[in-house]
Amino acid sequence: MTTPTPFLSRRPRLASALCAALLALAAGASQAQQASSIVIQGKENWLFPGWGSLTQVDTRGIDAATQLVRETRDALAAKGVQLEVLVLPDKTLFYQDKLPDGTALSAEVKKRYQTIQDKLKAAGISTIDDEAVLRRVKDGGQEVFYRTDQHWTQAAADATAEALAQRIKQDVKTLAGKPGTGMALGSMVNERRYGDLAELFLTPDQRKQAGRETFAVRRQADNQSLIDDAPAPVHVTGHSMVQPYFGFPQKLSNLLDRPVSVNWKPGNVGHWIMLLEYLESPAFKQNKPQVLVWQMFEPTYAQGPDAKGLWDNASIMTADAWRGRMKAAVGQ
């Protein structure tokens, strides 16, 4: 179990939601071969994850996933917990002009994020349109993803936290806890390094050509961690995008003026098992939050708990097994 953790780590874990699985699948290949299949090397040294389809959309998988999310929403609501689903859009949506010549998104994939949004809204599941949020950031002249990394920038994380905080305030009129207990934000600092796609998957020569880039991150404020002694009324569960390094949960805590707890893991475990790990934890059983934020990725949304060969073997289970564990953990 990854317990809800304070924001003490400064350095990111570069393994991403699917990096570990792809490394294992490519173990017998050369590093150059890995790069050609795992990373899309675009124009002007832009790099993209190569594990999401650029042409096909699994509509049936989206429907099945949404049904499980709906059941989770209902189970949590019966216990007084508001579920907020946060689906983060794919990097390629915002940098289609940087894809290699001859590589393009199909019309269906261009609409995939909105397809997911439409399904969630039709099911009455609370969510925000993060593609629209990040589009406004990019149109305003700020990058929303790093050039050689699959993760979002501080500007993107901040804007998403702002939109989600507004949504939470709409859905939950009064948060538990005391005003003034949100996290103070530290000063910004720049770090020069390789992005995770370059670091993990390119050959040394390719990495040198791609070059390092500047990551703008916040320092932790003096004498402040995300979690204090009081239970957090808001909890975030997800992958490496919501880790403290990229600043999203700190900003959310600051905007809500309440503590926010978080559990996350790198690797190919998937959002299904991450939610179960939190729901089955003593932290959830002893202090259920008012709001549970469940972070997912657009390219992997349609992959259910039984997506063999895509999630870590230990994370694989049937939809019925997942449903049973979820309901038992919530207390139904």
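Above: the structure in question.
**Looking at the overall build of the protein**
No. 1: A tally of helices and strands in the protein yields 13 helices and eight strands.
No. 2: Out of the 332 residues in the protein, the part that is buried amounts to 55%.
No. 3: Across the protein, the fraction of contacts at a sequence separation of at least 24, relative to all contacts at a separation of at least 6, is 80%.
No. 4: Accessible surface, the protein as shown: approximately 13,900 Å² in total, 47% of it carbon and sulfur.

**Regarding the pattern of salt bridges**
No. 1: Summed over the entire model, instances satisfying the criterion amount to twelve salt bridges.
No. 2: Two residues, Lys-43 and Asp-101, come together in a salt bridge whose shortest N-O distance is 2.9 Å. Taken together, the positions of Lys-43 in the loop between β1 (39-41) and β2 (47-49) and Asp-101 in the loop between β3 (82-88) and α4 (107-110) put the pair 58 residues apart, joining distant regions of the chain.
No. 3: When its relative accessible area of 35% is taken as the criterion, Lys-43 is described as partly exposed.
No. 4: As a salt-bridge pair, Asp-171 and Arg-167 come within 3.2 Å of each other at their nearest N and O atoms. Separated by four residues within a single helix, Asp-171 and Arg-167 lie in helix α7 (residues 154-171), roughly one turn from each other.
No. 5: The structure contains a network of salt bridges with shared partners spanning Glu-71, Asp-320 and Arg-323.

**Regarding the environment of Trp-152**
No. 1: Turning to its location among the elements, Trp-152 is positioned in the loop between α6 (130-139) and α7.
No. 2: Taking the C-alpha atoms as reference, Trp-152 lies 9.8 Å from Phe-248; in sequence the two are 96 residues apart.
No. 3: Beyond its immediate sequence surroundings of up to four residues, Trp-152 is in contact with Leu-88, Asp-130, Val-144, Phe-145, Tyr-146, Ala-157, Thr-160, Met-241, Phe-246 and Phe-248.
No. 4: Within polar-contact distance, the side chain of Trp-152 engages the backbone oxygen of Met-241 at 3.0 Å.

**What to know about helix α13 (residues 319-330)**
No. 1: End to end, α13 covers 16 Å across twelve residues, agreeing with the expected 16 Å (1.5 Å per residue, within 8%).
No. 2: When α13 is considered as a whole, its buried residues turn out to be Trp-322, Arg-323, Met-326, Ala-329 and Val-330. The buried residues of α13 occupy one face: seen down the axis, they fall within an arc of 135 degrees. Relative to its buried face, α13 has exposed residues pointing more than 90 degrees away, namely Asp-320 and Ala-328.
No. 3: Buried residues along α13 sit in contact with α3 (59-77), α11 (270-279), α12 (282-286) and β8 (291-297).
No. 4: After α13 finishes, the residue Gly-331 shows a positive phi value of roughly 105 degrees.

**Considerations on the layout of surface pockets**
No. 1: The calculated volume of the largest pocket comes to roughly 220 Å³.
No. 2: Around the largest pocket, the lining is made up of 15 residues, and of these Gln-56, Asp-58, Arg-112, Pro-299 and Ala-302 lie nearest the centre.
No. 3: Across the lining of the largest pocket, the residue classes break down as eight nonpolar, four polar and three charged.

**A few points about the side chain of Thr-160**
No. 1: For Thr-160, the location among the structural elements is in helix α7.
No. 2: Apart from residues no more than four positions distant in its own chain, Thr-160 is found in contact with Leu-86, Ile-128, Asp-130, Val-133, Leu-134, Trp-152 and Phe-248.

**Details of the packing of aromatic side chains**
No. 1: One pass over the full model with this rule turns up eleven aromatic pairs.
No. 2: Ring geometry for Phe-94 versus Phe-145: centroids 6.1 Å apart, planes at 35 degrees, classification tilted. On the criterion of sequence distance, the pair formed by Phe-94 in the loop between β3 and α4 and Phe-145 in the loop between α6 and α7 is long-range, its members being 51 residues apart. Each member of the pair, Phe-94 as well as Phe-145, is classed as buried.
No. 3: Above the ring of Phe-48, the side-chain terminus of Lys-91 is found at 5.2 Å from the ring centroid.

Criteria and cut-off values
- Residues numbered from 1 in each chain as written.
- Predicted model: local features only at pLDDT ≥ 70, side-chain atom pairs only at ≥ 80, totals over all residues.
- Heavy atoms only, no water.
- Helix = DSSP H or I, 4+ residues; strand = E, 2+ residues; numbered from the N terminus.
- Buried < 20%, exposed > 50% of the residue type's maximum accessible area, 1.4 Å probe, protein only.
- Contact = heavy atoms within 4.5 Å.
- Areas by Shrake-Rupley, 256 points an atom, 1.4 Å probe, with all protein chains shown as cover.
- Salt bridge = Lys/Arg side-chain N within 4 Å of Asp/Glu carboxyl O.
- Polar contact = N/O pair within 3.5 Å; in protein donor to acceptor, adjacent residues only side chain to side chain.
- Expected span 1.5 Å × (residues − 1).
- Arc of directions from axis to C-beta.
- 1 Å grid on protein atoms, 1.4 Å probe; cavity = no way out; pocket = protein on both sides within 12 Å on 5 of 7 lines; lining within 4 Å.
- Points joined across faces, edges and corners; volume = space filled by probe spheres on them.
- Nonpolar A, V, L, I, M, F, W, Y, C, P; charged D, E, K, R; others polar.
- Phe/Tyr/Trp six-rings, centres within 6.5 Å; stacked < 30°, edge-to-face > 60°.
- Lys NZ or Arg CZ within 6 Å of the ring centre and 35° of its normal.

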